[in-house]
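Analysis of the macromolecular model
So the chains spell out like this:
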Amino acid sequence: MIKKRMVLRFSKKTWNQPIVYRLVKEFDLAFNILKASVFPKEASLMVLEISGEEAEFDRGMAYLESHGVIYEPLEANIKKDEDRCVHCGACASVCPTGALAIQRPEMYVTFDTGKCSGCELCVKACPPRVITATLSSRV
Amino acid sequence: MASFKVRKTYQEINEKIKKGNVVVVNAEEMIDIVEEKGAVKAAQEIDVVTTGTFGAMCSSGALLNVGHTTPKMKISRAKLNGVPAYCGLAAVDIYIGASELPDEDPRNTVYPGEFRYGGAHVIQDLLLGKPVVMEAWAYGTDCYPRKYIKKDLVLHELRNAILLNPRNAYQNYNCAVNSTSRTIYTYMGTLKPHFGNATYSTAGQISPLMNDPYFRTIGVGTRIFLGGTQGYVAFYGTQHTSDVPRMPNGIPTEGAGTLCVIGDLKQMDARWVVAASIQGYGVSMYVGIGVPIPILNEEMARFTAVKDADIVTQIIDYGSDYPQAINRSLGTVTYRDLKNGMIRLNGKEVPVTPMASYPRALEISNILKEEIRKGRFYLGEPQATLTQLTTGERV
Ligand code: SF4
Ligand code: SF4
C-alpha cells in the first residue's frame, strides 16, 4: 500500500469527464480530496491524497496521462526556500494541517510536505515570502 | 554603590580580548554556569555574555546621502522604487522608513492587504546590491536649480548609507490573542477567532535587554552586532521607559526598554536585515541585533542567567482591547510556556507560535561570541547608560 498526495490538472476538455471515478473503479484506489478548484468548461485542478497498491497506483497515473490529465506530486507545488527562511514562525500559526510546525525547543520551523494539503494559507502569511505555491497560478 | 565581591572594568575585559584570553559565553550557556557555580564564581570566570534578537522592528529606516548631480538639486520629494522617502533634510539627504508604502499600494482595500513592497524592501534591495530607481523632484533655487531627476542608486556608490532605527529590541513584549469572532491580521501575525491561537515576539532568555534589565551596562556608545556588522546604541529608543512593574529578578512584566541603534548599512548583510510583508498590517523589517553584556560583577552574572521560566509577559486581546487602547491584561504567562507552544486561557488550551526567530537570535549571540573571542569585537563602554539618560543620574 502506498499513499501519495497528487496534484491533478484537467484541461478545458477533460474537466467534466468521470476520470477520478475511474481511478476508484478500475484501479481500486482510494482518495481524499484536499483541494478542488473546478470551473465548468475551464481548466481545473484537484489535490488528492491517493492510496492503493503501488502497481495499481502507477497504472492509474498512466491512465490519467492517457486522458490528458497532468499530474505531479504535491511537494513539487509548495516549496519553502530553506536558505531564506528566517524561522520566525508566522506560517506555523496559520497552517491548518501542522505541515509547518515548530521544532521545539530549538524553535526551527520545519516543513513536512507529507502533511501539506496545498491550502496555500502560508504563502501570504510568511513575511519574507519564502514559501511559493504554484498550484493556483498554473491551473 | 553596592559592594561586590567581583569587580571588573570595561578596560580590563578589553585587555583580555586583546590578549586572546577573554571568556565569552552566550546567554543560554550562562544559565547553567550560574546555576552550577553560583553568581560570584561565574562572574570571576566569565567576562562577557552575548545576547541576540531577530524580529520585526517597524521603527527602522536608512539615512541615505544620494550625492549631488550636475546641476545641483535640493530634493524636496523622492521615491525609491516607488516608495516615498522623507526629504525634509539637507539637499541630498533622504530617509527611507522601513514601513513606508508606495502611494499606489492598495493597502487594505483588498482585505487582508498583501503589502508586497515597501521601504524595507528598498533597503533589502540595496543590501542585495540591486540598483534602486530614485525619482526626485525639487522646486529649484538659485544654488540648486535642478528640478527633476531619475537615476539608479546602488549601495556601494552612495556617499553614505546609515541604518538608523529609532526603536528596536523591545525589552519585553505582549503575547497576543483575539477574542472576537473573526480572524484578525495584526503586526503580531494572524490571530484566529475565539482565542484560537496566541503569538509572542521576543527571544526571551537570550534577548539583549532581558539580560540587563536595569540597563546597567547598555547606553550611548555600546557597541553591538547590528545587521551583520558592528553598530552602536545611539540613545534610548522611542517609547523607552524603565518605570514599569518588575519581578523580583528585575525583569519588567511588560514592554519597558527600547534601543535606538545606528550603523553603516554598507557593511551590513541581507541575512540580518530582511524585509517583511505582514499580511493585513503592512511592511516591516526583521533586524538582527546582538548586545554583549560585560560581567562587571556578580550582579551582572545573575542578570544574564535569567531563563525563560523566570520571564513573564501579559496576554493582550488584539481583537478589542488593544485597538481601543484599553490597558488590560488577560493573564500572565512565562516564556517557558510560550516556547513550549501551549498556554491556558479561560480554562482552554491555546496553541502558541513565535513571531521572532529564536534560531536566528541564537546564531547572532554565537557570532558575537566568536568575534569577541577572536579579538575582532571590543566592548564599547557607554558614555551614559540608558538609566543615566532617563533618570538624570550624574554620569
Ligand atoms: S499549503 Fe496549507 S497545509 Fe500546506 S504548508 Fe501551507 S498552510 Fe500548511
Ligand atoms: S513564515 Fe516564512 S520565514 Fe517565517 S518560519 Fe515560516 S517559512 Fe520561514
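Below you will find a few notes about this structure. Since the model is a prediction, treat every value here as computed from it, not as a measurement.

Quick word on the nonpolar core
All names here are of chain B. Among the nonpolar cores identified, the biggest contains 116 residues, and Leu 64 and Ile 75 are the most heavily contacted of them. Per-element tally for this core: the top contributor is helix H2 (residues 27-45), with seven residues. Other than its neighbours up to four places away in sequence, Leu 64 contacts Leu 80, Val 92, Asp 93, Ile 94, Ile 96, Leu 126, Leu 158, Asn 160 and Ala 161. Residues Val 24, Phe 54, Ile 372 and Leu 379 belong to the second largest nonpolar core, which totals 23 residues.

Some remarks on a nonpolar patch on the surface
Taken together, Val 24, Phe 31 and Ile 33 of chain A make up a surface patch of nonpolar side chains, about 230 Å² in accessible area. For Val 24 of chain A, a relative accessible area of 35% corresponds to the partly exposed category.

Remarks on the interface of chain A and chain B
Residue-level contacts link 22 residues of chain A with 28 residues of chain B. Summed over both sides, the interface of chain A with chain B buries roughly 1800 Å², with 56% coming from carbon and sulfur. Across the contact surface, chain A and chain B share two salt bridges. The salt bridge partner of Glu 114 of chain B is Arg 129 of chain A, with a shortest N-O separation of 4.0 Å. Seen at the junction of chain A and chain B, the total is nine residue pairs in polar contact (both at pLDDT 80 or more).

Points about the sheet that holds strand S1 (residues 24-26) of chain B
Residues and elements named next belong to chain B. A sheet is described by the order of its strands in space; here three strands give the open sequence S1-S2-S21, paired in mixed fashion. Edge positions in the open sheet fall to S1 and strand S21 (292-294), since each of these has one partner strand only. Within the sheet, the average angular offset between the axes of one strand and its neighbour, ignoring direction, is 25 degrees. By the bridge criterion, three bridges tie strand S2 (residues 48-50) to S21 in an arrangement that is antiparallel. The partner of Val 49 across the bridge, within S21, is Ile 293. Lying over the sheet, H2 contacts S1 and S2, oriented at roughly 105 degrees with respect to S1.

Topic: the site of ligand 1
Taken together, 13 residues form the shell around ligand 1, and within it Cys 95, Cys 116, Cys 119, Glu 120 and Cys 122 of chain A come nearest. Broken down by class, the residue content of the shell around ligand 1 amounts to nine nonpolar, three polar and one charged.

Here's the deal with the sheet that holds strand S9 (residues 148-153) of chain B
All names here are of chain B. Here four strands make up an open sheet; going across it, the order is S6-S5-S8-S9 and the pairing antiparallel. The open sheet has two free edges, formed respectively by strand S6 (83-85) and S9, since each of these has just one partner strand. Averaged over neighbouring strand pairs, the angle between their axes works out to 25 degrees when direction is ignored. Relative to S9, strand S8 (residues 132-137) is paired through six bridges, and the arrangement is antiparallel. Bridge pairing in S9 places Met 134 opposite Lys 151. In the packing of helix H3 (residues 119-127) onto the sheet, the strands contacted are strand S5 (77-80), S6, S8 and S9, and the crossing angle to S8 comes to about 125 degrees.

Description of the packing of aromatic side chains
Residues and elements named next belong to chain B. With the rule as written, the count across this model stands at 15 aromatic pairs over all chains. Between Tyr 170 and Tyr 173 the ring centres are 5.2 Å apart and the planes differ by 65 degrees, which places this aromatic pair in the edge-to-face class. By relative accessible area, Tyr 173 is classed as buried at 17%. Measuring from centroid to centroid gives 5.9 Å for Tyr 200 and Tyr 335, while their planes differ by 80 degrees, and the two rings are edge-to-face. You can see Tyr 200 sitting in strand S14 (residues 198-200) and its partner Tyr 335 sitting in helix H5 (residues 335-340), a full 135 residues away along the chain. Judged by relative accessible area, which is 3%, Tyr 200 ranks as buried. Cluster of aromatic residues (ring-pair linked, three or more members): Tyr 170, Tyr 173, Tyr 187, Tyr 281, Tyr 318 and Tyr 322. Sitting above the plane of the Trp 137 ring, Arg 77 keeps its charged end 4.5 Å from the centroid.

How each quantity is defined
Sequence order as written defines the numbering, with residues in each chain counted from 1. Chain letters start at A and ligand numbers start at 1, both assigned in the order the entries are written. Under the rules for a predicted model, residues below a pLDDT of 70 receive no local features and side-chain atom pairs below 80 are neither given nor counted, while totals for whole chains, interfaces and linings still include all residues. Water and hydrogen atoms play no part in the side-chain values, which are based on all heavy atoms of the structure. Buried Ala, Val, Leu, Ile, Met, Phe, Trp, Tyr and Cys residues that are joined via side-chain atoms within 4.5 Å together make up what is termed a nonpolar core. Buried residues are those whose accessible area, probed at 1.4 Å on protein chains only, stays under 20% of the maximum for their type, while exposed residues exceed 50% and partly exposed ones sit between those limits. Secondary structure elements follow DSSP: runs of H or I of four or more residues count as helices, runs of E of two or more count as strands, with numbering from the N terminus. Here, residues are in contact when the closest pair of their heavy atoms is within 4.5 Å. A patch consists of residues exposed above 30% relative accessible area that lack any salt bridge, with like charges linked at up to 9 Å and nonpolar side chains (Val, Leu, Ile, Met, Phe, Trp, Tyr) linked at up to 5 Å. To be clear on the numbers: accessible area is Shrake-Rupley with a 1.4 Å probe, and residue cover counts the displayed protein chains and nothing else. Put simply, a salt bridge is a Lys or Arg side-chain nitrogen that is within 4 Å of an Asp or Glu carboxyl oxygen. As a working definition, buried area equals the accessible area (1.4 Å probe) given up by two parts on being put together, with both sides summed. We define a polar contact as two N or O atoms separated by no more than 3.5 Å, with the added condition that, inside protein, one atom must be a possible hydrogen donor and the other a possible acceptor, whereas residues neighbouring each other in sequence contribute only through side-chain atom pairs. Note on pairing: two strands pair once DSSP finds at least 2 bridges between them. In this analysis an axis means a line fitted to C-alpha atoms, helices contributing only their contacting stretch, and an angle means the value between N-to-C directions, from 0 to 180 degrees. For this purpose, a residue is taken to be near a molecule or strand whenever a single non-hydrogen atom of the residue falls within 4 Å of it. When residues are sorted by character, Ala, Val, Leu, Ile, Met, Phe, Trp, Tyr, Cys and Pro go into the nonpolar class, Asp, Glu, Lys and Arg into the charged class, and all the rest, Gly among them, into the polar class. For this analysis, a ring pair means two rings from Phe, Tyr or Trp (six-membered ring only for Trp) whose centres lie within 6.5 Å, classed as stacked if their planes differ by under 30 degrees, edge-to-face if by over 60, and tilted for the remaining angles. Put simply, a charge is over a ring when the Lys NZ or the Arg CZ is close to the ring centre, within 6 Å, and near the line of the ring normal, within 35 degrees.

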